[in-house]
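Residues per chain, in single letters:
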Amino acid sequence: ADAAEYLEETTEKFDLIIVDLFIGEQVPDRFYEKTFWQDIDKRTNNGGKVLFNAEVRETNTIGKNFLNSLPKTFSYKVLTGVMGGNTLVILNKNA
């Protein structure tokens, strides 16, 4: 199963979820979709964290749209230039 299917099917909850799903130079669109992040929200314990390695920039339209669509249960910080060129979104699920 892929990551999205696993999250839809599992009933487990986690303190840490790492999303690092590049295919070539891009993350497939489905992993920016609201439904995927709603499933992440369901599977993250209160006080848990999610690390998302993605091409997200607060200054571009895709990045703004993605960040604005995240479940409101998360606060986040965007780190750019990690290990050269990666962008990490670090999310904290508020208790």
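Scroll up a little and you will see the structure.
These numbers were taken from a predicted model, which means no experiment stands behind them.

### Regarding the side chain of Arg 43
Here Arg 43 is to be found in helix H2 (residues 34-43). Despite its burial, Arg 43 pairs with no opposite charge, the nearest such side chain being Asp 39 at 6.4 Å. With near-sequence residues (within four places) excluded, Arg 43 lies in contact with Leu 7, Thr 10, Thr 11, Glu 12, Lys 13, Phe 14 and Ile 17.

### Examining the pattern of salt bridges
Following the criterion strictly, the structure yields three salt bridges and no others. Salt-bridge contacts for Arg 30 lead to Asp 2; the nearest nitrogen and oxygen are separated by 2.8 Å. With Arg 30 in the loop between strand S1 (14-19) and H2 and Asp 2 in the segment before helix H1 (3-9), this pair connects stretches of sequence that are 28 residues apart. Accessibility expressed as a relative area gives 28% for Asp 2, which makes it partly exposed. Lys 93 serves as the salt-bridge partner of Asp 41, at 3.0 Å between the closest nitrogen and oxygen. On the criterion of sequence distance, the pair formed by Asp 41 in helix H2 and Lys 93 in strand S4 (residues 86-93) is long-range, its members being 52 residues apart. Grouping residues by exposure puts Asp 41 and Lys 93 together as buried.

Rules used throughout
- Residues numbered from 1 in each chain as written.
- Predicted model: local features only at pLDDT ≥ 70, side-chain atom pairs only at ≥ 80, totals over all residues.
- Heavy atoms only, no water.
- Helix = DSSP H or I, 4+ residues; strand = E, 2+ residues; numbered from the N terminus.
- Buried < 20%, exposed > 50% of the residue type's maximum accessible area, 1.4 Å probe, protein only.
- Lys, Arg positive; Asp, Glu negative; His and termini not counted.
- Salt bridge = Lys/Arg side-chain N within 4 Å of Asp/Glu carboxyl O.
- Contact = heavy atoms within 4.5 Å.

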